[in-house]
Amino acid sequence: MSDLPTLPVTFRPGSTRAVLLTAAVAILVVITAVAMMLKQLSPAERLSFVVTALLLDAVLLLLARPKVVADADGVTVVNLTNKRRLEWAEILQVTLRPGDPWVFLNLSDGTSLPALGIQPGINRQRAIADARALRALAEARSVADPERPRG
């Protein structure tokens, strides 16, 4: 297929990621500035403000982590707290149905793996295009089985 993306390719929810990273910076700056401007606070109390801001940032950075990386050998799915490497042949189907919060990969072991790196939250059209690209890659690169239904 000529419309296949060049490998390696990384799929991420770019707009969502930008919002989360911007919010993380803003939270750190604002909370730190407030802690420094409140003169009645002790150094330990100021430090607790900054530590709280860093904890909030850690959560936002965790939410910004998801991605799907496709290369010649397979796909790496990075979700919030886990990372899984898949061979192309393991991916039977790539789905993003209306109302789904992200793409799901139906696997040869009978399970389904959420791929949070492609999510229609802020930029639905981009997520649909990314899901189609990943589906086309999976179909082109997996071991051909003419009896296997595609969806």
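Structure report, in brief. None of the values given here were measured: they were computed from a predicted structure. (Residues numbered from 1 in each chain as written. Predicted model: local features only at pLDDT ≥ 70, side-chain atom pairs only at ≥ 80, totals over all residues. Heavy atoms only, no water.)

### Re the side chain of Gln119
Thought 1: Following the sequence through the fold, Gln119 ends up in the loop between strand 7 (112-115) and helix 3 (124-141).
Thought 2: A distance of 2.6 Å separates a polar atom in the side chain of Gln119 from the backbone oxygen of Leu116. (Helix = DSSP H or I, 4+ residues; strand = E, 2+ residues; numbered from the N terminus. Polar contact = N/O pair within 3.5 Å; in protein donor to acceptor, adjacent residues only side chain to side chain.)

### Re a nonpolar patch on the surface
Thought 1: Judged by side-chain polarity, Val30, Val34 and Met37 come together as a nonpolar surface patch covering roughly 270 Å² of accessible area.
Thought 2: Note on placement: Met37 falls in helix 1 (residues 14-37).
Thought 3: Residue Met37 is classed as exposed on the basis of its relative accessible area, which comes to 59%. (Patch = residues over 30% accessible without salt bridge, like charges linked within 9 Å, V, L, I, M, F, W, Y side chains within 5 Å. Areas by Shrake-Rupley, 256 points an atom, 1.4 Å probe, with all protein chains shown as cover. Salt bridge = Lys/Arg side-chain N within 4 Å of Asp/Glu carboxyl O. Buried < 20%, exposed > 50% of the residue type's maximum accessible area, 1.4 Å probe, protein only.)

### Quick word on the packing of helix 1 against helix 2 (residues 43-63)
Thought 1: Where helix 1 meets helix 2, the axes come as close as 9 Å, and the angle between the chain directions of the two elements is 175°. When the axes of helix 1 and helix 2 are compared, the pair comes out roughly antiparallel. For the pair helix 1 and helix 2, contact is made by Leu20, Leu21, Ala23, Ala24, Ile27, Leu28, Ile31, Thr32, Val34, Ala35 and Met36 and by Arg46, Phe49, Val50, Ala53, Leu54, Leu56, Asp57, Leu60, Leu61 and Leu63, respectively.
Thought 2: For the contact of helix 1 with helix 2, the residue count by class is 18 nonpolar, one polar and two charged. (Axes fitted to C-alpha atoms, helices over the stretch in contact; angles between N-to-C directions. Parallel < 35°, antiparallel > 145°, perpendicular 65-115°, else oblique. Contact = heavy atoms within 4.5 Å. Nonpolar A, V, L, I, M, F, W, Y, C, P; charged D, E, K, R; others polar.)

### A short note on the nonpolar core
Thought 1: Of all hydrophobic cores here, the largest spans 23 residues; its most connected members are Val75, Trp88, Ile91, Val103, Leu105, Ile118 and Leu134.
Thought 2: Secondary structure elements with two or more residues in this core: strand 1 (9-11), strand 2 (67-71), strand 3 (74-78), strand 5 (91-95), strand 6 (103-107), strand 7 and helix 3. (Core = buried A, V, L, I, M, F, W, Y, C linked by side-chain atoms within 4.5 Å.)

### Remarks on the sheet that holds strand 5
Thought 1: Across the sheet, which stays open at both edges, the three strands sit in the order 5-6-7 with antiparallel pairing between neighbours. Looking along the sheet, the strands with just one partner apiece sit at the ends: strand 5 and strand 7. Sheet twist, expressed as the mean angle between neighbouring strand axes with direction ignored, is 25°.
Thought 2: Bridge analysis of strand 5 against strand 6 gives four bridges, and the strand direction is antiparallel. Within the sheet, the bridge partner assigned to Ile91 lies in strand 6 and is Leu107. (Pairing = 2+ DSSP bridges.)

### Details of the pattern of salt bridges
Thought 1: A complete count under the given rule lists four salt bridges for this structure.
Thought 2: Note that Asp71 is salt-bridged to Arg85, the shortest N-O span being 2.8 Å. You can see Asp71 sitting in strand 2 and its partner Arg85 sitting in strand 4 (residues 83-87), a full 14 residues away along the chain.
Thought 3: For Asp100, the salt bridge identified is with Arg97, shortest N-O distance 3.7 Å.

### Overview of the pairing of strand 7
Thought 1: Residues Leu113 and Ala115 point to one face of strand 7 and are all buried, whereas Ser112 and Pro114, pointing to the other face, are not buried.
Thought 2: Summarising the sheet, strand 6 and strand 7 pair through four bridges and their orientation is antiparallel. Looking at the pairing, Asn106 lines up with Ser112 of strand 7.
Thought 3: As consecutive antiparallel partners, strand 6 and strand 7 are separated by four residues, and within that stretch Gly110 has a phi angle of approximately 90°, a positive value.

### What about the sheet that holds strand 3?
Thought 1: Taken in spatial order, the four strands make up an open sheet running 1-2-3-4, and their pairing is antiparallel. Each of the sheet's edge strands pairs with one partner strand only, and the pair in question is strand 1 and strand 4. Across the sheet, the axes of successive neighbouring strands diverge by a mean angle of 15°, strand direction being ignored.
Thought 2: Where strand 3 lies against strand 4, five bridges are found, and the strand directions are antiparallel. When the sheet's bridge partners are listed, Gly74 is paired in strand 4 with Glu87.
Thought 3: Packing of helix 3 onto the sheet brings it into contact with strand 1, strand 2 and strand 3, and relative to strand 1 it is tilted by some 135°.

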